[in-house]
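Here is how the chains run, residue by residue.
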Amino acid sequence: MKLHRIWAMVVRHLRQLPTDFNKLSSIVYWPFLDIVIFGFVGAWIDVSIGSQETRWVLLTNVALWQVVVRADFGVSLNLLEEIWAHNVTNLFSTPLTISEWISAVFVEGIIMLIAITLFCAGVVYTLYHYSIFSLGLWFFPIVGLMFISGLAIGFFTSSLLIYWGVRVQALAWMIGWVFAPVSGAYNPTNVLPAWLQAIAHMLPLHYATESTRVLLVEKTQSPAPLLMKGYALGIFYLSISIMLFVFMFNKSKERGLHRLKD
């Protein structure tokens with residue numbers, strides 16, 4: 001792998017950001033709206049039950065859920081934009097390799113992770129006078145687990161996009177949100193039916209959101225066991241999704257990448 005090609009891909013996408021309304025809206029508008037809506041929902045719940053912990057857990061998890069969604073979109077929408085621009089064939093007819101493209105996605109994802117985290121933290125603090133950094137040092141492994149989960153979803157979605165192209169482009173927005181009900185970001189997973197709880201326990205997202213509840217509500221327990229399970233699952237799913245993406249890319253390349261625009 002060549003670092004200059006990886007960095008060139010990162011810079012290419014970052015330079016588009018200030019003038020790309022679609023990307024800016026996904027980074028700023030939707031996270032802001034989520035935090036506003038669910039912040040007031042949390043305030044209403046607090047008034048109803050007479051406790052503030054629920055509000056802070058909901059706000060923290062909703063803010064961190066944005067990391068999942070942006071990591072997911074950072075992979076799938078970047079690929080989809082190349083398909084829309086009829087640029088996939090051009091891109092991979094250069095010396096750029098699929099491993100370099102994947103590496104560029106990781107680097108860009110880390111940059112966007114920092115940006116979206118700071119933005120969400122600023123919105124939460126400004127509107128509700130609460131800091132999501134109150135999780136302490138545990139904040140960083142929880143965010144890391146959210147990021148890994150989002151990448152895993154993004155590469156899985158991209159596996160379908162790189163094989164079927166624009167015919168399944170709606171999946172870029174659909175698949176990530178399929179996990180929202182079982183993630184624990186918007187509601188505790190223990191309120192779900194038993195069969196959905198079983199699915200939630202197989203996902204790394206559950207262990208990230210549950211860790212915030214342990215830290216903010218129970219306070220006496222360490223989330224380390226939860227995070228260890230979450231990272232084991234997250235790394236497993238991310239590895240599988242990347243391997244699936246590379247497999248589907250090679251299959252699609254054999255059939256001709258030019259067909260993805262049709």
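Structure: above.
Attention in this report is confined to the structure presented alongside it. (Residues numbered from 1 in each chain as written. Predicted model: local features only at pLDDT ≥ 70, side-chain atom pairs only at ≥ 80, totals over all residues. Heavy atoms only, no water.)

What follows is about the packing of helix α6 (residues 139-164) against helix α11 (residues 224-255). For the pair α6 and α11, the least separation of the axes is 8 Å and the interaxial angle reads 20°. It follows from the interaxial angle that α6 and α11 lie roughly parallel. Taken as a pair, α6 and α11 cross one another with a handedness that is left-handed. A breakdown of the residues in the contact of α6 with α11 according to their chemical character gives 22 nonpolar, 7 polar and 2 charged. (Axes fitted to C-alpha atoms, helices over the stretch in contact; angles between N-to-C directions. Helix = DSSP H or I, 4+ residues; strand = E, 2+ residues; numbered from the N terminus. Parallel < 35°, antiparallel > 145°, perpendicular 65-115°, else oblique. Left-handed = near helix turned anticlockwise from the far one by under 90°. Nonpolar A, V, L, I, M, F, W, Y, C, P; charged D, E, K, R; others polar.)

Glancing now at the nonpolar core. Counting 82 residues, the largest nonpolar core has W65, I83, F92, W101, F155, I162 and F245 as its most contacted members. Contacts of F245, omitting those with residues within four sequence positions, involve L79, I98, W101, I102, F155, S158, S159 and I162. (Core = buried A, V, L, I, M, F, W, Y, C linked by side-chain atoms within 4.5 Å. Buried < 20%, exposed > 50% of the residue type's maximum accessible area, 1.4 Å probe, protein only. Contact = heavy atoms within 4.5 Å.)

End to end, helix α10 (residues 204-218) covers 20 Å across 15 residues, agreeing with the expected 21 Å (1.5 Å per residue, within 8%). For α10, the tally of buried residues reaches 12 of 15 residues, placing the bulk of the element in the interior. Within α10 the residues assigned to the buried category are P204, L205, H206, Y207, A208, T209, S211, T212, R213, V214, L215 and L216. Looking at the buried residues of α10, the elements they touch are α3 (53-84), α6, α8 (180-183), α9 (194-200) and α11. Just downstream of α10, K219 is the residue with a positive phi angle, here 65°. (Expected span 1.5 Å × (residues − 1).)

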